[in-house]
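Residue strings, one per chain:
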Amino acid sequence: MAHIHSGTETFPRHRSPSERSDFTIVQDWATYSREEHETWRLLFQRQEAVLAHRACGEFLRGMQDLGVAADGIPDFRRLNDVLQKTTQWSIVAVPGLVPDAIFFDHLAHRQFPSTCFIRRRDQLDYLQEPDVFHDIFGHVPMLMNPVFADYMQAYGLGGLKALHLGALHHLARLYWYTVEFGLIATGEGLRIYGSGIVSSKGESIYCLEDPRPNRIAFDLMRVMRTRYRIDDYQESYVVIDSFDQLFQATQPDFTPYYDALSRLSDIDAGEVLPTDRLLHRGRAVAR
Ligand code: PHE
Ligand code: CO
């Protein structure tokens, strides 16, 4: 969560706090340095190679249709021209993590809050907090997909509701296991759509090819009971069959679900239940 600092403190470029109530700032694209653009290109080229046969078709198509992301840190105004026309979403610049209510309110209005700063050269492989590469490369291609675009807006509205019902920890797990770390089963096997995976070279390979993590078929209540880790590769990934499945499953009013969840125990990130359907390389596996 971002806190508003006051007084004489100075902030690195692109990281000064917002003075607006919706936490937005201006990207100030013209002030990025050559080096910052070069860092983006390095990350972009690496991921392009890794994701060719690992990311799902929807992601790769979205990236291609955006068309303005390969040369350097994209100008949000140019991305928005394309995004607006395609799914009526837009990107708004923010200084860092924003309060939950602000974040959900942006999503509910089909606005995706993105950071502006880019990681340092010694942080290419790992960064604790989202930067512009994660937020734009990771999230925006999927926002070009009409079904996923509607899911994200519905999630924002659901977030505001969960906040009032005190159930945010359950709904946050759904975001984590779908938007950030989701896999999808396709005719060619498992593919990635989660933004936290597509923006990480190591995890893009690990999530599909490493024998260690569990790959569990999507089950809404199961997901909302499952803890997650934020400091390492995931121990379990959740696999959807289609974006329609995800959208349909999340349509009902969650109020009774939250009620039921309050009486159910949490499941550990690495735990496998007898009722889980496990997948590997797109096929069901025996236990
Ligand atoms: N249907 C959910 C609710 O009523 C909202 C939601 C939609 C949550 C899509 C997540 C994804 O709370
Ligand atoms: Co993210």
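Note: the structure precedes this text.
Only a predicted model underlies this, so the values are computations on that prediction, with no experimental measurement involved. (Residues numbered from 1 in each chain as written. Chains lettered and ligands numbered in written order. Predicted model: local features only at pLDDT ≥ 70, side-chain atom pairs only at ≥ 80, totals over all residues. Heavy atoms only, no water.)

**Student:** Provide a residue-level description of the overall build of the chain, including the pertinent values.
**Tutor:** The helix and strand tally for the chain stands at 12 helices and eight strands. Relative to the compact-globule value of 19 Å for 287 residues, the chain shows a C-alpha radius of gyration of 19 Å, a close match. Seen through its principal axes, the chain has C-alpha atoms that stretch 55 × 45 × 35 Å. Looking at the 287 residues of the chain, the share that counts as buried comes to 53%. When contacts within the chain are restricted to residue pairs at least 6 apart in sequence, those whose partners lie at least 24 apart make up 67%. Surface exposure of the chain reaches about 13,800 Å², of which carbon and sulfur atoms provide 50%. Each charge class in the chain can be summarised by its mean position, and for the 30 positive and 38 negative side chains these summaries are 4 Å apart. (Helix = DSSP H or I, 4+ residues; strand = E, 2+ residues; numbered from the N terminus. Rg over C-alpha atoms; globule rule 2.2 N^0.38 Å. Buried < 20%, exposed > 50% of the residue type's maximum accessible area, 1.4 Å probe, protein only. Contact = heavy atoms within 4.5 Å. Areas by Shrake-Rupley, 256 points an atom, 1.4 Å probe, with all protein chains shown as cover. Lys, Arg positive; Asp, Glu negative; His and termini not counted. Charge placed at Lys NZ, Arg CZ, Asp CG, Glu CD.)

**Student:** Give me the packing of helix H3 (residues 76-87) against helix H5 (residues 132-143): which residues, what numbers.
**Tutor:** Here H3 crosses H5 at 20 degrees, and the two axes come no closer than 11 Å. Here H3 is positioned roughly parallel relative to H5, judged by the angle of their axes. Remark: the crossing between H3 and H5 carries left-handed chirality. Counted together, Phe76, Leu79, Leu83 and Thr87 of H3 and Val132, Ile136, Val140 and Leu143 of H5 form the full contact between these two elements. (Axes fitted to C-alpha atoms, helices over the stretch in contact; angles between N-to-C directions. Parallel < 35°, antiparallel > 145°, perpendicular 65-115°, else oblique. Left-handed = near helix turned anticlockwise from the far one by under 90°.)

**Student:** Outline the site of ligand 1, supporting the account with residue identities and numerical values.
**Tutor:** The environment of ligand 1 is formed by Tyr151, Ala154, Tyr155, Gly158, Lys161, Leu171, Leu174, Thr250, Gln251, Pro252, Asp253 and Phe254. Note that a nitrogen atom of ligand 1 is positioned 2.7 Å from one of the backbone N or O atoms of threonine 250. Take proline 252: an N or O atom from its main chain is 2.7 Å from a nitrogen atom of ligand 1. When the free accessible area of ligand 1 is taken as 320 Å², the share hidden by the protein chains comes to 94%. Looking at the shell around ligand 1, the elements that each hand over two or more residues are helix H6 (146-165) and helix H7 (168-180). Take the shell around ligand 1: its biggest share by element is five residues, from H6. Each residue belonging to the shell around ligand 1 can be placed in one class, and the counts come to seven nonpolar, three polar and two charged. (Near = heavy atom within 4 Å. Polar contact = N/O pair within 3.5 Å; in protein donor to acceptor, adjacent residues only side chain to side chain. Nonpolar A, V, L, I, M, F, W, Y, C, P; charged D, E, K, R; others polar.)

**Student:** Now, about the layout of surface pockets: what can you tell me, with residues and values included?
**Tutor:** Empty space within the largest pocket amounts to approximately 1,200 Å³. Every element with two or more residues in the lining of the largest pocket is listed here: helix H4 (100-108), strand E2 (111-114), H5, H7 and helix H9 (201-209). Element by element, the count of residues in the lining of the largest pocket is highest for H7, at five residues. Here the lining of the largest pocket is composed, by residue class, of 21 nonpolar, nine polar and 12 charged. (1 Å grid on protein atoms, 1.4 Å probe; cavity = no way out; pocket = protein on both sides within 12 Å on 5 of 7 lines; lining within 4 Å. Points joined across faces, edges and corners; volume = space filled by probe spheres on them.)

**Student:** Got a sec to walk through unusual backbone geometry? Specific residues and values, please.
**Tutor:** A positive phi is found at aspartate 28, a non-glycine position, where the angle reads about 60 degrees. As for its placement among the helices and strands, aspartate 28 is situated in the segment before helix H1 (34-51). Although it is not a glycine, glutamine 88 sits at a positive phi angle of roughly 65 degrees. Assignment of secondary structure puts glutamine 88 in the loop between H3 and strand E1 (90-93). Taking relative accessible area as the criterion, glutamine 88 reaches 47% and is therefore assigned partly exposed.

**Student:** I'd like a description of the sheet that holds strand E5 (residues 214-217), backed by residues and values.
**Tutor:** Taken in spatial order, the four strands make up an open sheet running E4-E3-E6-E5, and their pairing is mixed. A single partner strand is all that each edge strand has here, and the edge strands are strand E4 (189-192) and E5. For this sheet, the mean inter-axis angle between neighbouring strands, taken without regard to orientation, is 40 degrees. Here strand E3 (residues 183-186) runs beside strand E6 (residues 236-240); their pairing, made up of two bridges, is parallel. For leucine 183, the partnering residue across the bridge sits in E6 and is valine 239. Relative to the sheet, H9 contacts E3, E4, E5 and E6, its axis offset from that of E4 by approximately 155 degrees. (Pairing = 2+ DSSP bridges.)

**Student:** So what's going on with the environment of asparagine 145? Residues and values would help.
**Tutor:** Considering the arrangement of structural elements, one finds asparagine 145 in the loop between H5 and H6. Along the primary structure asparagine 145 and phenylalanine 59 are separated by 86 residues, whereas in three dimensions their C-alpha atoms are 8.1 Å apart. Excluding its chain neighbours within four sequence positions, the residues that come into contact with asparagine 145 are Glu58 and Thr87. A distance of 3.0 Å separates a polar atom in the side chain of asparagine 145 from the backbone nitrogen of phenylalanine 148.

**Student:** Mind laying out the coordination of the cobalt ion (ligand 2), listing which residues take part and the relevant values?
**Tutor:** Protein-derived ligands of the cobalt ion (ligand 2) are His134 (NE2), His139 (NE2) and Glu180 (OE), with the metal-ligand distances lying across 2.0 to 2.1 Å. Sequence spacing of the donor residues for the cobalt ion (ligand 2), all on one chain, is H-x4-H-x40-E. One end of the pair, histidine 134, is in helix H5; the other, glutamate 180, is in helix H7, and 46 residues separate them in sequence. Like glutamate 180, histidine 134 is buried. (Donors = N, O, S within 2.8 Å, 3.2 Å for Na, K, Ca; no water.)

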